[in-house]
Each structure stands twice: as structure tokens, then as C-alpha cells.
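Each chain, letter by letter, is given below.
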Amino acid sequence: MKKNMQKNESAAHASPFASTPLIFILMLWTLLYTGCASWPAPTRSAHVGGTGPLGSCADFFASLDGLAAAADAVDPGYSRVKRHPYLRTDRFLASFQEDVKDDHTFTAWVGHMQALDQSARLFELANLSDADIAAMHPSDGRDALYRKVVACGNRLKNDDLLHGGIKARRHMAVSVKGEYIPLRQVLGLYPLTRVFVSRGVKKWHAEAREGFSTAPPADWQPVRYVPATDPDAGMAHRLIRVRERDALGIPIYSARDRRALFKGYAPIWEIQQQSDADRIGSPVWNAKGRIEVDTDRPRTFTLLSFSRFGKTILTQLNYIIWFPARPRGGVFDLYAGRLDGLNYRVTVDEDGSPILYETMHNCGCYYKAYPTRRLQVRESTDYQEAPLILKAPEMRPALEMMVVGMAHRTHYVRTLYTVSRGVEDEAGAYTLADYGELKRLPQVDGGSKSMFDRYGLVPGSQRLERFFLWPTGVLSPGAMRQWGRHAVAFVGERHFDDPFYLDKMFVARP
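Worth saying up front: this structure is predicted, and the values here are computed from it rather than measured.

Cut-offs applied
- Residues numbered from 1 in each chain as written.
- Predicted model: local features only at pLDDT ≥ 70, side-chain atom pairs only at ≥ 80, totals over all residues.
- Heavy atoms only, no water.
- Helix = DSSP H or I, 4+ residues; strand = E, 2+ residues; numbered from the N terminus.
- Rg over C-alpha atoms; globule rule 2.2 N^0.38 Å.
- Contact = heavy atoms within 4.5 Å.
- Areas by Shrake-Rupley, 256 points an atom, 1.4 Å probe, with all protein chains shown as cover.
- Lys, Arg positive; Asp, Glu negative; His and termini not counted.
- Charge placed at Lys NZ, Arg CZ, Asp CG, Glu CD.
- Pairing = 2+ DSSP bridges.
- Axes fitted to C-alpha atoms, helices over the stretch in contact; angles between N-to-C directions.
- 1 Å grid on protein atoms, 1.4 Å probe; cavity = no way out; pocket = protein on both sides within 12 Å on 5 of 7 lines; lining within 4 Å.
- Points joined across faces, edges and corners; volume = space filled by probe spheres on them.
- Nonpolar A, V, L, I, M, F, W, Y, C, P; charged D, E, K, R; others polar.
- Phe/Tyr/Trp six-rings, centres within 6.5 Å; stacked < 30°, edge-to-face > 60°.
- Buried < 20%, exposed > 50% of the residue type's maximum accessible area, 1.4 Å probe, protein only.
- Parallel < 35°, antiparallel > 145°, perpendicular 65-115°, else oblique.
- Left-handed = near helix turned anticlockwise from the far one by under 90°.
- Core = buried A, V, L, I, M, F, W, Y, C linked by side-chain atoms within 4.5 Å.

Novice: Can you lay out the overall build of the chain for me, pointing to particular residues and giving the numbers?
Specialist: Along the chain, the regular secondary structure elements total 13 helices and 18 strands. Taking 24 Å as the expected radius of gyration for a compact globule of 510 residues, we find that the chain reaches 25 Å, a close match to that expectation. With respect to the principal axes defined by its C-alpha atoms, the chain has extents near 90 × 65 × 50 Å. For the chain, the share of sequence-separated contacts (at least 6 apart) that also reach a separation of at least 24 residues comes to 69%. Of the roughly 23900 Å² that the chain leaves accessible, carbon and sulfur atoms contribute 54%. For the chain, the separation between the mean place of its 66 positive charges and that of its 56 negative charges on side chains is 5 Å.

Here you go:
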């Protein structure tokens, strides 16, 4: 018995050391999975703790940001501007950092960033619980808090920036972090692993080129979705041509204008159907607190963006759809999982004519560009991973609509072709909805919540490929993510919302 006691005692003393390698491995894996992943953490004004109206407003923003962070309600789609809690930015607005030359353009630039903050806070306020709202002691609930967001933002902006004019720009650090994590690339021996990743990308590019066509598929049994309302392409063209621009050259669209634009260029979705996973729908929170897609409500979510091309700024129309899943194609399918989706983007020239079509899955994967004859592909680019560029069909927007054809299960885009307007509805109609609705989805037990977490990912949509592609630096490769958080290359770096990508990939034909 004494021998057994000594044996057990020895084992007890040895166990912490014996488990050290396992603990180290677990810590290392945790570091690789979430380490250095960025989210737009709140920033504080220099007036926090001060007296008077400025101090009060600074404290208000600090308290509101603290509540949103604690409730995991922060909108991760925009980046913060250090020391200015009333401003947020994206890659497009950050690109004007060196272009703001006078008070007029500076005021317009700051105004756009404040508008982004106010938009984000609308969703953050909506997603806070009633108890959180009550903790701020508003006189009129969320509406009162939003009015204070506007008033305090204006007060701090006027003191921090506008009174200082263009000189205040020198003290502003406006930037957006990339979607690539350097620590992962270092630990994953990226210079070596990228060779194998590059081979895989080139193989997929070759397969995608071979499988793509601008003609209608002959052997499909597709499900087709057409816009529920008859689009007026003529009005959309006129809106583009006569659009007023601000001091930065950014087109100005009212809410009504935006609706008309999205109706005018809306596509027809055509999916080779094999299962319910090939039907589009609306993301919802279910009773178990998980995101699923309700295919009884087919909707297309719209988002307006802009890109810089030469000396002009072009309008971009994003049409985003969601599928319930990407089903397994075999026992060991790295890319299968819950939820799938596609972003179809139309870039429109100043005369209202489309010059570029693009598709990307909502994970940032499988990016494809389809330039029209108005663009010429550059012979070479600085991108380490060359974008996949395919041919676009010629289309007369006033008379025709674009059909985006997708394969079953993978939802890869296999064809783009045109049909005459007024095509019969063969399966169902989809409605257009603002992308912002995805950031304020109702919950079964009351309240609302964004479908994206603080890192911009959709919980539960992760893929097995993340265990193999983490050395690329991308957080959870294959997972669905929020617009503005899409890395679209695994070799080198490239972002879907890079404001200068058009200049890097194309030149305008005379």
C-alpha cells in the first residue's frame, strides 16, 4: 500500500509537467485561431473626464461604446478614427487621406465619416437590450440616445476639427487594417506554404475558365428568381448621368434614387437545383440561437459602394444572396458547411453603362471579374495572386437583364448571359432589401442581433479549410463574413473593397 501511495504521489507531481506540451499546443492553436484578429474597438475622445459640454459628450460616447462592446453589439463593418469616437471609416473614405487639400473637401470628408458612425450606431442601439438602454437614462429611449449621438458628434466635431480647418487633418490617422494577420503568416511559414496554396489557386482558375460560358446552359434544370418589381433601366441610367457630386467627387443619391438604381440593374438568379440548399432566402435567428436561411422568403440584399478609376469615382451596385448551406460533396469535403452566399457587383460608368461585373462568394472566396469591352485588362499587375478575369456578355441594359447562373451545391458561377426584359417568372420572385437589415435581425425571444460577430464573421459558418489555410493570414478561411471584411486572395493580399483595384487591373478603352 505504501508503494502504491508513493506511486500515486509521484504521478501527481509529474502530471503538471507531463501535460505541459498539451497545454502549449492548445495555447498555440488558440493563438492561431483568434490571435491578433482585429475588430473595431472603441476609441476615446481627448475630452473624456473633462468639464462642460465637451467633457459630457465625450463621456457619453465612452459609455455608449462600452455598452455596445459588453453586449457584443459593435458593428465591425467600419474602422474607428483614433480619438474621434463620432467618426468611422472604410477603405474608400480612408483613400482620401492625402487628397483633402482645403476646408471644403475636408468638411465633406469628415461629414462622410460621421455619417458612417451614425449609421453604425443606429444598428448598435437597436441591438442593445432595454436594460442597457435604461442604463444610459434617456428621456425617450433609443430615439433620445440617437439624437444625442448626432448632437454630441456635431459638438465634438466642431471643436476638434472644423474650427481648426484643414490643419486639423494633420493630426488625424484615418486608415483601415487589412484582413490578413501577419502573426499567422510568420508562424505558418508563409513563404513556403504559399507555394502549395498558389498551385491550388491556379488549378481552380483553370477549372473555372473551362467551366464558364456566356451562353445559357443546355442541360440544367434550374430554379430561377426574377425581381418582384419591374425595373426601370431608363430611369437608372438617367440617375447616373445627371447625378450631383460633392466636393470629393462622390455621387450623391437619395434613398429613392438608390432604390431606383438597384431595381434598374437587378439580375436574374438561376441555380441548378439539386436540394433545398440551392434555394435563396432570408437569414433569420432560430429558436436555438443559430442563423439559418428561410427559403420561403427569397430576398436579395443591396449595398451601394464606390470605386476610384483614374480621376473619377464610379458607382457600384452590390446584390447579395444567401443559401442555407453548401452540402458535402464527399466524406472529406473541406469547403462544405452551414450557410453560403454570393455577391454580384455591377460597376457603372459615368454615362450609366456597366463596365464591369464581378462575383464573389460571401466568404471572400472564388472571386471572378467580367470586364466589358470598355475595359482593357492590364498585361501585368502588382498582385501576387492574379485575379480570375473572364469574359462578360454584351448587354443592352435598357432592353436586357443579366442572368447569373450557378451550379448546384457549390454555387459556383458557371454562366453569365442576357435575356430580354419582361421574361416570364418560371419559379419565383425575389424582393430587394437593404443590406443593413442583416445587422438587425429579430430574435425569437425578443430584441434583435446582427448576424455577424465582432470579427465580422457569421457564427456557425466555419469550414474545415480553415485548418489548412490559416498560414495565409486570413481569419477563418471559408466562413461567411460581413461586407467590408472580405479578403479575396490567399496568395499576397487583395480586398474586395480596395478603392484602387480598378486602376490596378484595367485601363479604360478610348
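Novice: Account for the sheet that holds strand 15 (residues 428–434), with residues named and values stated.
Specialist: Pairing is mixed in the open sheet, where ten strands are placed in the order 11-10-9-8-7-15-3-4-13-14. Single-partner strands in this sheet number two, and they are strand 11 (368–371) and strand 14 (413–420). Taking each pair of neighbouring strands and ignoring which way they run, the sheet shows an average axis angle of 25°. Taken together, the four bridges between strand 10 (residues 354–361) and strand 11 define a ladder with antiparallel strand orientation. By the bridge assignment for strand 11, Tyr357 is matched with Tyr370.

Novice: Please provide a residue-by-residue account of the layout of surface pockets, values included.
Specialist: Each pocket or cavity is described by its volume, and for the largest pocket that value is around 1200 Å³. Looking at the lining of the largest pocket, the elements that each hand over two or more residues are helix 4 (91–94), helix 5 (103–127), helix 11 (255–264), strand 7 (299–309) and strand 15. In terms of residue count, strand 7 provides more of the lining of the largest pocket than any other element does, six residues in total. Partitioned by chemical class, the residues of the lining of the largest pocket number 22 nonpolar, ten polar and 13 charged. Taken together, 30 residues make up the lining of the second largest pocket; nearest its centre are Gly200, Trp204, Tyr335, Tyr366 and Phe490. Only helix 9 (190–211) and helix 12 (466–469) provide two or more residues apiece to the lining of the second largest pocket. Here the element with the most residues in the lining of the second largest pocket is helix 9; it accounts for seven residues.

Novice: Explain the packing of aromatic side chains to me, using residue names and the numbers behind them.
Specialist: If you walk through the whole model with that rule in mind, you get 16 aromatic pairs. Between Tyr319 and Tyr344, the aromatic rings sit 6.1 Å apart at their centres with planes inclined by 35°, giving tilted as the arrangement. Of this pair, Tyr319 sits in strand 8 (residues 312–326) while Tyr344 sits in strand 9 (residues 337–348), and the two are 25 residues apart along the sequence. Each of the two residues, Tyr319 as well as Tyr344, counts as buried.

Novice: If you had to explain the packing of helix 3 (residues 52–70) against helix 7 (residues 141–162) to someone new, which residues and values would you point to?
Specialist: Running from amino to carboxyl end, helix 3 crosses helix 7 at an angle of 130°, the nearest separation of the two axes being 9 Å. What the angle tells us is that helix 3 and helix 7 run oblique. Here the hand of the crossing between helix 3 and helix 7 comes out left-handed. Across the interface between the two elements, Pro53, Leu54, Cys57, Ala58, Phe60, Phe61 and Leu64 from helix 3 touch Leu145, Lys148, Val149, Cys152, Gly153, Arg155, Leu156 and Asp159 from helix 7.

Novice: Report on the pairing of strand 5 (residues 282–285), specifying residues and quantitative values.
Specialist: Where strand 5 and strand 6 (residues 291–294) come together, four bridges link them in antiparallel fashion. Bridge pairing in strand 6 links Val284 to Glu292. What sits between the antiparallel neighbours strand 5 and strand 6 is a turn of five residues, in which Gly289 has the positive phi angle 75°.

Novice: Outline the environment of Ala144, supporting the account with residue identities and numerical values.
Specialist: Within the secondary structure, Ala144 sits in helix 7. Expressed as a C-alpha distance, the spacing of Ala144 and Ala429, which sit 285 residues apart in the sequence, is 39 Å. Apart from the residues within four sequence positions on either side, Ala144 is in contact with Pro138 and Ser139.

Novice: I'd like to hear about the nonpolar core, residue by residue, with values.
Specialist: Within the largest apolar cluster, 113 residues are counted, with the highest numbers of intra-cluster contacts made by Trp109, Trp269 and Trp322. Apart from residues no more than four positions distant in its own chain, Trp109 is found in contact with Leu93, Phe96, Gln97, Val100, Arg169, Met172, Val174 and Leu248. Listed in part, the ten residues of the second largest apolar core include Tyr180, Val197, Leu469 and Val474.

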